[in-house]
Amino acid sequence: MIFITLRDIRDTCGDTFYKRGKNYYEAGRVRNLVYDEMENCYTAEVKGSKSYEVRIEFDEEAFIVDSDCTCPAFEDYGSCKHVAATLVAISRLGQKDIVKDQPRHPVQSNPIDIDLILDSILKKQPAQLQRLRFW
Ligand SMILES: [Zn+2]
């Protein structure tokens, strides 16, 4: 089982793609999410104006080692909303399992470290700095 956190998705895709990807996921655009145990990767089909194939590969520690999408944006940016949407879908798979084992009112054990998140966004996407100033 692979657990992905919000931070993993943002680190991989950046904040903008994460937000668009989450919308895509919530609109039910992620289809055919399949886990390949041999390759330790997930594949999915994400429907937008066209259908794109997403592939996300993990290492033994469940860290994301590689992602791929057939859309044009991926070629330009090395990531895209389809990859983000697929990661959100995978993270939700994990959460269902966690919920089963947790007490009804779980203590928040993972406080969000905003400095770390901002830091990682800024490192990967300096253009975001401009936007953050307006927040
Ligand atoms: Zn894509």
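What counts as what
- Residues numbered from 1 in each chain as written.
- Predicted model: local features only at pLDDT ≥ 70, side-chain atom pairs only at ≥ 80, totals over all residues.
- Pairing = 2+ DSSP bridges.
- Helix = DSSP H or I, 4+ residues; strand = E, 2+ residues; numbered from the N terminus.
- Axes fitted to C-alpha atoms, helices over the stretch in contact; angles between N-to-C directions.
- Contact = placed C-beta atoms within 7 Å.
- Core = buried A, V, L, I, M, F, W, Y, C linked by C-beta atoms within 7 Å.
- Buried ≥ 20, exposed ≤ 12 C-beta atoms within 10 Å, placed from the backbone.
- pLDDT = per-residue confidence, 0-100.

Identification of the chain as SWIM zinc finger from Paenibacillus jilunlii is taken from an unreviewed UniProt entry.

Colleague: Outline the sheet that holds strand 4 (residues 64-69), listing residues and values.
Modeller: Strand order across the open sheet formed by four strands is 1-2-3-4, with antiparallel pairing between neighbours. What marks the edges here is a single partner per strand, and that holds for strand 1 (30-36) and strand 4. Averaged over all neighbouring strand pairs, the angle between strand axes comes to 15°, with direction disregarded. Summarising the sheet, strand 1 and strand 2 (residues 41-47) pair through five bridges and their orientation is antiparallel. Counted as the bridge partner of Asp36 is Cys41 from strand 2. The sheet contacts of helix 1 (residues 6-26) involve strand 1, strand 2 and strand 4, and relative to strand 4 the element is tilted by about 45°.

Colleague: Go over the nonpolar core, please, and point to the residues and values.
Modeller: In this structure, Val83, Ala84, Ala85 and Leu87 are the most contacted members of the largest nonpolar core, which totals 25 residues. The element contributing the most residues to this core is helix 3 (residues 81-101), with seven residues. Once residues lying within four places of it in the same chain are set aside, the contact partners of Ala85 are Gly21, Tyr24, Tyr25, Arg29, Val30 and Val46.

Colleague: With reference to specific residues and values, describe the pairing of strand 2.
Modeller: A one-sided burial pattern is seen for strand 2, the buried positions being Tyr42, Ala44 and Val46 and the unburied ones Cys41, Thr43, Glu45 and Lys47. Here strand 1 folds back onto strand 2, and the loop between the two strands holds four residues, one of which, Asn40, carries a positive phi near 50°. Here strand 2 runs beside strand 3 (residues 51-58); their pairing, made up of seven bridges, is antiparallel. Directly across from Cys41, in strand 3, lies its bridge partner Glu57. Between the antiparallel neighbours strand 2 and strand 3 lie three residues.

Colleague: How would you explain the confidence of the model for the chain if you had to name every residue and give the values?
Modeller: Averaged over all residues, the pLDDT of the chain equals 83, while 73% of them reach at least 70. When pLDDT is averaged over each element of the chain, strand 2 comes out on top at 97 and helix 5 (residues 127-132) at the bottom at 60. Overall, residues 97-102 carries pLDDT values under 50, and its contacts beyond four positions in sequence, including any with other chains, amount to one contact.

Colleague: Provide a residue-level description of unusual backbone geometry, including the pertinent values.
Modeller: In this structure, Asn32 is a non-glycine residue whose phi angle is positive, near 50°. For Asn32, a count of 10 C-beta atoms within 10 Å corresponds to the exposed category. Located in the positive-phi region is Ala62, a residue other than glycine, with phi close to 70°. Residue position: Ala62 is located in the loop between strand 3 and strand 4.

Colleague: Go over the pairing of strand 3, please, and point to the residues and values.
Modeller: As paired strands, strand 3 and strand 4 are joined by five bridges and run antiparallel to one another. Opposite Ile56, over in strand 4, you have Ser67 as the bridge partner. Once strand 3 ends, the chain turns through five residues before running back antiparallel as strand 4, passing Ala62 with a positive phi of about 70°.

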